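# An overview of the molecular structure
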Amino acid sequence: MSNYQIITTDVLIVGAGLAGERAAIEAAAAGLDCIILSLVPPRRSHSTAAQGGMQASLGNCAMGKGDGPDVHFADTVKGSDWGCDQEVARLFVNTVPIAVRQMSYWGVPWNRVVAGKKTLPDGREIEDTKDMEGLITARDFGGTAKWRTCYTSDGAGHTMQYAVDSVVIKMGITVHDRTEAISLIHDGTTCQGMVVRCLRSGELRIYLAKSTVIATGGYGRLYGASTNAIINEGSGMYIAIDTGIVPLGNMEAVQFHPTGMVPVWILITEGARGDGGYLLDKNLHRFMPDYEPAKKELASRDVVSRRMIQHIRKGLGVESQYGQHLWLDIRHLGEKHINTNLREIANICRNFNGIDPIKDLIPVRPTQHYSMGGVRTNIDGAAYGLKGLFAVGEAACWDLHGFNRLGGNSLAETVVSGMIVGKKVAEYTLGASLNYNYTQVQDFAKQQREKINTLISGKQGKENVYQIRREMEQTLMDYVGIFRNGPDLEKAVAKLQELYHRSLKLGLKSDGKWANPELSSALRMPGMLKLALCISYGALQRTESRGSHAREDFPKRDDVNWLKRTLAYWPAGSSLPKLDYESVKITELPPGDRGYGESSANQGKK
Amino acid sequence: MQAQRLLTKNPRAELYYDIVELFTGLTLVGFLWTHMIFVSTILLGTEVYDILAAGLDDYYLSYIGIPFIIIVAIMHVLSAGRRIPTRYQEQKVIWRHAKMLKGTDTWVWIFQVITGVSILALGAIHVFVVLAQWPIDAAISTERMTAFWWFYLVLLLLGEYHAGFGIYRQFVKWGWFPRRPLGFVCKVITTIILGLGFAALWVFNALGGAL
Amino acid sequence: MSRQLTFSIFRYNPNDPSSAPRMQEYTLNESTGMTIFVALNQIREEQDPSLNFDFVCRAAICGSCAMVINGRPRLACKTLTKDFKDTITLMPLPVFKLVGDLAVDTGTWFRHMSLKTESWIHTNKKFDPIAQEDRMDNEVALNIYESERCIECGCCIAGCATANIREEFLGAAGINRVGRFMVDPRDERSDMEYFEVIGSDEGAFGCMGLMACDDNCPMGLPLQLQLAFVRRKITMAGLKS
Ligand SMILES: Cc1cc2nc3c(=O)[nH]c(=O)nc-3n(C[C@H](O)[C@H](O)[C@H](O)COP(=O)(O)OP(=O)(O)OC[C@H]3O[C@@H](n4cnc5c(N)ncnc54)[C@H](O)[C@@H]3O)c2cc1C
Ligand code: HEM
Ligand code: HEM
Ligand code: SF4
Ligand code: F3S
Ligand code: FES
């Protein structure tokens, strides 16, 4: 068999979302040669779908007065249910204000403070002062003490991605879109690059680099109902775990967003509640104040999602052919507000559900939304296990979010970690050299070629990739959702193991030639199942409730035994991850009550 | 870019073309509408028509106006005509495109080209005939109109269509107003002008005893 | 109550010398709330796994899924099948390079457009990490966002006859993009610099006002008014200097 084309560069960035591109800018600014790979053109990355905004403690708007990095820090740590790395959180909150201003410098048209008195939907009067006029303003988001989420109407992710990509274009950074990294190349100690499949022609290529950055985003599409883009299949994570050396962190920490629109699971941004939207039950009763008198609809996401399911379980959900749901009501915000500040939501309701949120209620249910877990890195973004491998953004477990990410902290993370890790990547790369063994490197690609040939020939079996995929999605939805328990999780692990074995016996119905989409799916399937197993097995082992991980059989947080981070490895030939744990760094804020959620509510009652 | 192109390229050529297209278009529409009002003075009687024609002649307005309009028309044909696809393949693309993709204004443009090319021919004949039998007076006009009423009818329809949608297109391309109300206003004006034209045509024919 | 739908879909793989462009038919039972996204996935999973098409966000925000649906360029993910008769014809967008079947390479086209229009903030200011951000009127910010909402889907380009004939024409998306920077006070480009970017038949003066862009933009961008705004600005710039 002939050899594969080798493309070499200094820095290889896998993923052209906000995190990947921001890191690339930093590397390129250091004079390094840089190639970005992406499944899709950068501006189609999932980051563009973020509507709500990015947290930055500028404290410009009336309701943000008195905000600063310290307040942001406390919110983030509480939000994470003390699962985050506090050194990382500190570095993050101190850098965010710079990052948001840099975004402005690069062209994001952040909404600005308009001076004057305003009345909030709940009747409170606020006044934005003249001295702040024209500075970046912010809106309210769940789990934050201040109004801190900077936004551009409801296209924050879109405008940020376009601004960052404009800098990438300006700097002339190479982007190879419609390419998919399918395997990591390493020699046991150092990462050397990736085997990449071209999604135009189907051919395989080898990309070698002194440093490689995984910025492939989340894995939402493992779940049947997810707000994520359909390309969010966690590929960067399973590529990493495939090595057997690089661990994933906290994979059991899966965030559900309270308001996915039934039945298409498109996200209705938290901005809808931040701007004053209510959650109603089948009797059109606003139930959140009953559970969370202080924060109401704006407690952190894990809490609101659980309260919603709790409420539905009480029989107060609205029946529909797609199962039970609740209502989101924004009608009282008025036509003008909805058509400007929440326009995208209004369009989504109209286009995908035929309803008009100015007059109608929006059907919603908690929906898979974000992966706190990912490729475990240190504070510099360097992955555990291999030199020269880094990870940023949602694909990484830098560990800013612990067991629950605050809304708006993720866009902030992409640009902040992109900036910080990008610098570290540059530093590392400037001191590194690229050494590789030609045949060894070619072997990595040949292995992938053989996999493809086997799939095409159907030698291993005739399992249908779409069938397996549906079963995996269903299993995770049914047993590894918002509320979890031992027996269900055991069922999930057993089922997923069975599916994993079957996924090794896939056969194609089509010819699998060129950029065949069935082949693409088939290549991803075993990896996705590995991630599904890391999530459910990690959840099974973690016998406590923390943040988004809520065990009905262990409803309390258990700091004595579980104030630690899960590390999942995948030993070669195994059908289960090997779990390991490391302690969580507490530097400033010792574990305590979050001030909202179940524990506070109970205390309140007693 | 190739060196030859670089050396010959005038960076503002396309700007000037576009401005010429704008102003000649506006002028011609203005002219045609005025001309139609003038012609329809026949509705007020042959005397009014003759006085007006004589007036234009006496103050040399015709002698300045007619050459001016002819020059403007030539400039218009050159500037607007540059848009007409000349290569066979381009024409095929346009047709395929217009048929496959439903875009009303694309059809408006196609008809603009067709009517434009048609009035180039018909208008030239008409102007030539009028000038050949100078001066204008009601009797001569009546004679021509009765003999060639079908010719005038066609010219009227094509000309007013071309003018009405032409001015619509210019406002769409340059103006501050949304298309739908603009289109409505242009259609109303065109209908009025057409009404005048039909009425004048009818009166001329009545005068000539054809009816 | 469920209807049977017939999809007539363009098939061609430009990589494969043995492939010839053709239309292929698939039939499918309509489900409630079915979009073209749902239908195409169902066809791929149940009938023809080799069928190529692009979806990413499936929520009309990423701009990946534009195709010609019964003669109009639209986003397939937000097009409901119930709005059509029993036969639905799907063609790839014209103008863009074909990747295969319904998938086209809009990414390369738009990157080229961004390069030609220099779609980034041009400023001589240096970024100062400790300084407060420059102030901006909220109205101005909203105004910038109004044109920045373009998702680069390519519907305006595909529907434009001019863009179909002239390869270099930047189309409504390109002209709109320049308009976006013109209203941005952070961009220090002079009118003349903008003129150099689009003061030609490749840009503002190439547009013949065919308005297919305005008809087809799925984001409802006010392209007619935006194109006229840029045309006036660019004309004044060209005349002044
Ligand atoms: C609907 C929705 C709304 C959200 N709203 C907000 C919000 O308001 N505020 C907030 O803070 N956060 C929000 N988030 C979360 C936030 O948008 C994401 O976490 C963040 O954008 C992730 O950015 P990223 O750069 O890490 O990854 P992505 O933007 O997902 O980018 C991943 C990139 O990797 C590429 N890629 C993937 N796999 C491969 C591969 N194998 N080979 C090559 N390339 C690959 C993709 O092509 C893509 O370019 C939202 C999320 C969703 C789902
Ligand atoms: C004499 C023969 C004529 C020819 C060949 C001709 C041709 C054309 C063509 C091809 C166009 C389309 C150009 C474009 O829209 O980009 C056009 C537009 C137009 N024509 Fe004519 N035309 C003629 C006479 C006239 C006359 C007499 C009038 C006045 C009533 C007129 C008014 C217009 C206007 C206003 C437009 C719109 C211009 C624009 O869109 O910029 N034309 N013409
Ligand atoms: C530039 C010099 C022109 C002159 C001096 C002129 C003069 C006249 C005159 C005198 C008449 C009355 C009928 C007649 O005597 O034949 C007439 C009618 C008419 N002209 Fe012209 N014309 C000119 C240009 C045009 C052009 C460019 C058009 C078309 C675009 C046009 C379209 C018509 C039409 C349609 C009528 C018939 C009106 C009706 O139906 O009542 N003319 N013109
Ligand atoms: S202007 Fe509208 S149609 Fe054109 S690319 Fe942008 S969003 Fe699509
Ligand atoms: S369709 Fe094309 S010609 Fe102009 S008005 Fe729109 S860009
Ligand atoms: S899939 Fe993103 S716009 Fe349709």
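In this text, all values refer to a predicted model and were calculated from it rather than measured experimentally. (Residues numbered from 1 in each chain as written. Chains lettered and ligands numbered in written order. Predicted model: local features only at pLDDT ≥ 70, side-chain atom pairs only at ≥ 80, totals over all residues. Heavy atoms only, no water.)

Helix and strand counts for chain A stand at 17 helices and 23 strands. Taking 25 Å as the expected radius of gyration for a compact globule of 606 residues, we find that chain A reaches 23 Å, a close match to that expectation. Taking the principal axes of the C-alpha coordinates as reference, chain A spans close to 75 × 50 × 50 Å. Within chain A, buried positions represent 67% of all 606 residues. The contacts in chain A between residues at least 6 apart in sequence include a share of 72% that link residues at least 24 apart. Here chain A has roughly 19,000 Å² of accessible surface; of this, 50% comes from carbon and sulfur atoms. A gap of 2 Å separates the mean positions of the 71 positive and 65 negative side-chain charges of chain A. (Helix = DSSP H or I, 4+ residues; strand = E, 2+ residues; numbered from the N terminus. Rg over C-alpha atoms; globule rule 2.2 N^0.38 Å. Buried < 20%, exposed > 50% of the residue type's maximum accessible area, 1.4 Å probe, protein only. Contact = heavy atoms within 4.5 Å. Areas by Shrake-Rupley, 256 points an atom, 1.4 Å probe, with all protein chains shown as cover. Lys, Arg positive; Asp, Glu negative; His and termini not counted. Charge placed at Lys NZ, Arg CZ, Asp CG, Glu CD.)

Each helix and strand in chain C was counted, giving nine helices and seven strands. Taken over the C-alpha atoms alone, chain C extends approximately 60 × 40 × 30 Å along its principal axes. Residue burial in chain C is summarised as follows: out of 241 residues, 64% are buried. Looking at chain C alone, contacts between residues at least 24 apart form 63% of all its contacts between residues at least 6 apart. Approximately 9,000 Å² of chain C is accessible, and the part contributed by carbon and sulfur atoms is 50%.

What follows deals with the coordination of the iron atom of ligand 2. Residues and elements named next belong to chain B. Taken together, the protein ligands of the iron atom of ligand 2 are H76 (NE2) and H162 (NE2), with distances of 2.0 to 2.1 Å. Between the six donor atoms coordinating the iron atom of ligand 2, the angles at the centre fall across 85 to 178 degrees, so the site counts as octahedral. Of the two residues, H76 sits in helix α4 (residues 61-81) while H162 sits in helix α8 (residues 149-174), which places them 86 residues apart along the sequence. The two residues H76 and H162 agree in class, both being buried. (Donors = N, O, S within 2.8 Å, 3.2 Å for Na, K, Ca; no water. Tetrahedral: all angles 85-135°; square planar, octahedral: opposite > 155°, others 65-115°.)

Taken together, the 36 residues of chain C in the interface contact 30 residues of chain B. Three residues stand out in chain C for area buried against chain B, namely C:I165, C:M208 and C:R232, and they jointly supply 20% of the buried area on that side. Applying the counting rule to chain C against chain B returns five salt bridges. Linking chain C with chain B are 16 residue pairs in polar contact (both at pLDDT 80 or more). Residue assignment for the side of chain C that touches chain B shows that the elements contributing at least two residues are β4 (72-75), α5 (161-165), α7 (191-198), α8 (212-216) and α9 (223-240) of chain C. The class makeup of the residues in the side of chain C that touches chain B is 18 nonpolar, 12 polar and six charged. (Buried area = accessible area lost by both parts, 1.4 Å probe. Salt bridge = Lys/Arg side-chain N within 4 Å of Asp/Glu carboxyl O. Polar contact = N/O pair within 3.5 Å; in protein donor to acceptor, adjacent residues only side chain to side chain. Nonpolar A, V, L, I, M, F, W, Y, C, P; charged D, E, K, R; others polar.)

Attention shifts here to the sheet that holds strand β16 (residues 362-371) of chain A. Residue and element names in this part refer to chain A. Spatial ordering of the open sheet is given by β13-β12-β16-β15-β14, a layout of five strands whose pairing is antiparallel. Only two strands of the sheet have a single partner each, and these edge strands are β13 (266-267) and β14 (278-280). Where strand β12 (residues 254-261) meets β13, two bridges bridge the pair, whose relative direction is antiparallel. Counterpart to G260 in the pairing with β13 is L267. (Pairing = 2+ DSSP bridges.)

Our next topic: the environment of A:I309. All names here are of chain A. Position of I309 among the secondary structure elements: in helix α8 (residues 301-316). Distance in space between the C-alpha atoms of I309 and Q324 is 9.5 Å, their sequence separation being 15 residues. With near-sequence residues (within four places) excluded, I309 lies in contact with P366, I482 and F483.

Quick look at the packing of aromatic side chains now. Counting across every chain of the model gives 22 aromatic pairs over all chains. Ring centres 6.3 Å apart and planes at 20 degrees place the aromatic pair C:F96 and C:F110 in the stacked group. One end of the pair, C:F96, is in the loop between β5 (87-91) and β6 (97-100); the other, C:F110, is in helix α2 (residues 106-116), with 14 residues separating them in the sequence. What makes C:F96 buried here is its relative accessible area of 6%. Given the relative accessible area of 2%, C:F110 is considered buried. The ring of A:Y370 is capped by A:R405, whose NZ or CZ atom sits 4.1 Å from the centre of that ring. We note C:R180 situated over the ring of C:F181; from NZ or CZ to the ring centre the distance is 4.4 Å. (Phe/Tyr/Trp six-rings, centres within 6.5 Å; stacked < 30°, edge-to-face > 60°. Lys NZ or Arg CZ within 6 Å of the ring centre and 35° of its normal.)

Turning our attention to the coordination of the iron atom of ligand 3. Residue and element names in this part refer to chain B. Bound to the iron atom of ligand 3 are the protein donor atoms H35 (NE2) and H126 (NE2), situated 2.0 to 2.2 Å from the metal. Bound by six donor atoms, the iron atom of ligand 3 shows angles of 82 to 178 degrees at the metal and therefore octahedral coordination geometry. Of this pair, H35 sits in helix α2 (residues 13-39) while H126 is found in helix α6 (residues 104-132), placing the two residues 91 residues apart along the sequence. Among the residues examined, H126 registers a relative accessible area of 17% and is labelled buried.

What follows covers the domain arrangement of chain C. When the parts of a complex come together, some accessible area is lost, and that lost area is often used as the size of the interface. Residue and element names in this part refer to chain C. On domain assignment, one finds that chain C holds domain 1 (4-104) and domain 2 (117-124 + 135-240). Relative to domain 2, the C-alpha centre of domain 1 lies at a distance of 29 Å. Contacts between the two partners involve 14 residues from domain 1, matched on the other side by 14 residues from domain 2. Together domain 1 and domain 2 conceal approximately 1,000 Å² of surface at their shared face, both sides included; 65% is due to carbon and sulfur atoms. Counting across the interface, domain 1 meets domain 2 through zero salt bridges. One can count two residue pairs in polar contact (both at pLDDT 80 or more) joining domain 1 with domain 2. (Domains from an automatic or database assignment.)

With that out of the way, let us pick up a nonpolar patch on the surface. All names here are of chain B. The grouping of I70, I74, L78, V127 and L131 at the surface amounts to a nonpolar patch, some 410 Å² of accessible area in total. Contributions of two or more residues to the nonpolar patch are made by α4 and α6. By the element assignment, I70 lies in helix α4. (Patch = residues over 30% accessible without salt bridge, like charges linked within 9 Å, V, L, I, M, F, W, Y side chains within 5 Å.)

Let us look at the sheet that holds strand β17 (residues 374-376) of chain A. Residue and element names in this part refer to chain A. Read from one edge of the open sheet, five strands run β19-β17-β11-β22-β23, paired in mixed fashion. What marks the edges here is a single partner per strand, and that holds for β19 (396-397) and β23 (578-583). As paired strands, strand β11 (residues 248-249) and strand β22 (residues 564-569) are joined by two bridges and run antiparallel to one another. Residue G249 lies in a different strand from β22, and its bridge partner there is L567. Those strands touched by helix α5 (residues 235-242) are β11, β17 and β22, and its axis lies near 40 degrees from that of β17. Relative to β23, helix α15 (residues 517-541) is tilted by about 60 degrees, and along the sheet it contacts β11, β22 and β23. (Axes fitted to C-alpha atoms, helices over the stretch in contact; angles between N-to-C directions.)

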